[in-house]
Amino acid sequence: MGSAKEDCLGYAARDPSGVLSPFHFSRRAIGVDDISISITHCGVCYAEVVWTRNKHGDAKYPVVPGHEIVGLVKEVGSNVKGFKVGDHVGVGTYVNSCRDCEFCNDGFEVYCSRGAVYTYNHVDVDGTITRGGFSTYVVVHERYCFKIPKDYPLASAAPLLCAGITVYSPMVRHKMNQPGKSLGVIGLGGLGHMAVKFGKAFGLNVTVFSTSISKKEEALNLLGADKFVLSTNQQEMQEVSKSLDFIIDTASGAHPFDPYMSLLKTGGVLVLVGASEVKLSPISLLLGMKSISGSASGGTKDTKEMLEFCAAKKIYPEIEIIPIQYVNEAIERLIKSDIKYRFVIDIENSLK
């Protein structure tokens, strides 16, 4: 199925070097429930390191990455109700699901019982491999597309579709939107900086934990955190003992967990959104009724709510806009954490 003409231009990795270069391919023909999106911007997520370099051993080359996609609707299928040509639209980390299980029915499609189909490097229901937003256009079932408020800048919206929703969804689920409660954020990258912004918008007292003292100034002044703790400084860590209701752990590198669990109040929860190996003493959980909870991106219900919340509260990710020709350097900088705080590719003006 799908059109045979290779009229979509993207950037793809061909092997585990992860180097991205131009690649022509075809998208499927637009189905009755699909919308075709002319991509204007795409965020650069740490997933781009993982799958282009085959870190999980499951890369299906050529890999066209990108799952923080925004653009304009250029065509709609005959059954499409929610979108019209010209609408501002976003696509996140998944593009299909069974649409029939309890999770899909509750708007938690990312947790689909049969497995959500991810936006790239995944086998879709028709047997084709999904290709992401480092490309000129994409065809997606309308259910997995999100209307972006017209007055919200498209470039700023891109990081919300993965970095934003990945922290927003567990924050709402664990009732972190209660003013006056206290939140700790571990790591200040793409996800961490959004957790700080959402925390402040929810009226929380926010403490940032980082191994890098260079992040202190921006954490407090640019992002508005209430406190900065250098996590390698035991004295500073001791001073915030048992003071936090919640912790969001966005760190991707290995780090000890027991010191952080001791910072939670009784009944406190640490939500893991970064991918570091967890090692801790059972006592860290038992003696304070504490829990560790994992979270993937977020369902369609939370994503819609988050986009409206960001537009209403004027919450914008901190971004650096780049042409796609710079993307390989950008990924090297991302690996070194040399970005405040999310790269966004200007697809519309550079991918030609």
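Let us look at the structure shown here. Given the structure is predicted, the values throughout are model-derived calculations rather than measurements. (Residues numbered from 1 in each chain as written. Predicted model: local features only at pLDDT ≥ 70, side-chain atom pairs only at ≥ 80, totals over all residues. Heavy atoms only, no water.)

**Some thoughts on the environment of I30**
Tracing the chain through its elements places I30 in the loop between β2 (20-25) and β3 (34-44). Using a relative accessible area of 27% as the deciding quantity, one classes I30 as partly exposed. Between the C-alpha atoms of I30 and S78, which are 48 residues apart in sequence, the distance is 9.5 Å. Those residues in contact with I30 that lie beyond four places of it in its chain are I35, S36, E75, V76, G77 and V139. (Helix = DSSP H or I, 4+ residues; strand = E, 2+ residues; numbered from the N terminus. Buried < 20%, exposed > 50% of the residue type's maximum accessible area, 1.4 Å probe, protein only. Contact = heavy atoms within 4.5 Å.)

**Description of unusual backbone geometry**
Here the residue pair Y61 and P62 is connected by a cis peptide bond, since its omega of -5° sits within 30 degrees of zero. Relative to the helices and strands, P62 is located in the loop between α1 (47-52) and β4 (69-76). Y341 follows K340 through a cis peptide bond whose omega is -5°. Checked against the element boundaries, Y341 lands in the loop between α11 (327-335) and β17 (342-346). The backbone of N54 shows a phi angle near 55°, a positive value even though the residue is not glycine. Secondary-structure assignment places N54 in the loop between α1 and β4. The phi dihedral of K242 is positive, around 50°, even though this residue is not glycine. By the element assignment, K242 lies in the loop between α7 (234-239) and β13 (244-249). The class for K242 is exposed, based on a relative accessible area of 61%.

**Quick look at helix α4 (residues 163-173)**
Counting buried residues in α4 gives 9 out of 11 residues, a clear majority hidden from the surface. Listing the buried residues of α4 in full gives A163, G164, I165, T166, V167, Y168, S169, P170 and M171. Against β10 (182-186), α5 (190-201), β13, β14 (264-272), α10 (300-313) and β17 lie the buried residues of α4. K175 lies just past α4 and shows a positive phi near 55°.

**A few points about the packing of α4 against α10**
Their axes nearest at 10 Å, the elements α4 and α10 cross at an angle of 105°. By the criterion of interaxial angle, the relationship of α4 to α10 is roughly perpendicular. On α10, the residues touching G164, I165, Y168, S169 and V172 of α4 are D302, T303, E305, M306 and F309. For the contact of α4 with α10, a count of residues per class yields 5 nonpolar, 3 polar and 2 charged. (Axes fitted to C-alpha atoms, helices over the stretch in contact; angles between N-to-C directions. Parallel < 35°, antiparallel > 145°, perpendicular 65-115°, else oblique. Nonpolar A, V, L, I, M, F, W, Y, C, P; charged D, E, K, R; others polar.)

**Points about the pattern of salt bridges**
Scanning the entire structure with this criterion turns up 13 salt bridges. Taking the shortest distance from any N to any O, the salt bridge between E332 and R53 comes out at 2.9 Å. In this pair, E332 is assigned in helix α11 and R53 in the loop between α1 and β4, connecting sequence segments 279 residues apart. For K200, the salt bridge identified is with D226, shortest N-O distance 2.8 Å. Linking K200 in helix α5 with D226 in the loop between α6 (216-221) and β12 (227-230), this pair joins segments that are 26 residues apart in sequence. Note on K200: relative accessible area 30%, which makes it partly exposed. (Salt bridge = Lys/Arg side-chain N within 4 Å of Asp/Glu carboxyl O.)

**Quick notes on the state of the cysteines**
Applying the stated criterion across every chain yields a total of 0 disulfides. C45 provides the cysteine sulfur closest to C42, a residue in no disulfide bond, and the two sulfurs are 9.5 Å apart. Among the residues examined, C42 registers a relative accessible area of 0% and is labelled buried. In this structure C104 is not part of a disulfide, and its nearest cysteine sulfur, from C101, lies 3.8 Å away. (Disulfide = S-S within 2.5 Å.)

**Section: the packing of aromatic side chains**
Here the structure, examined in full by the defined rule, presents 11 aromatic pairs. Arranged with centres 5.0 Å apart and planes meeting at 40°, the rings of Y152 and Y316 form a pair that is tilted. Taken together, the residues span a long stretch of sequence, with Y152 in the loop between β9 (145-147) and α3 (154-157) and Y316 in the loop between α10 and β16 (319-322) at a distance of 164 residues. On the basis of relative accessibility, which here comes to 3%, the residue Y152 falls in the buried class. On the basis of relative accessibility, which here comes to 29%, the residue Y316 falls in the partly exposed class. (Phe/Tyr/Trp six-rings, centres within 6.5 Å; stacked < 30°, edge-to-face > 60°.)

**Things to note about the side chain of T207**
With respect to the secondary-structure elements, T207 resides in strand β11 (residues 205-210). Residues within four places of T207 in sequence aside, it is in contact with L183, G184, V185, K227, V229 and L244.

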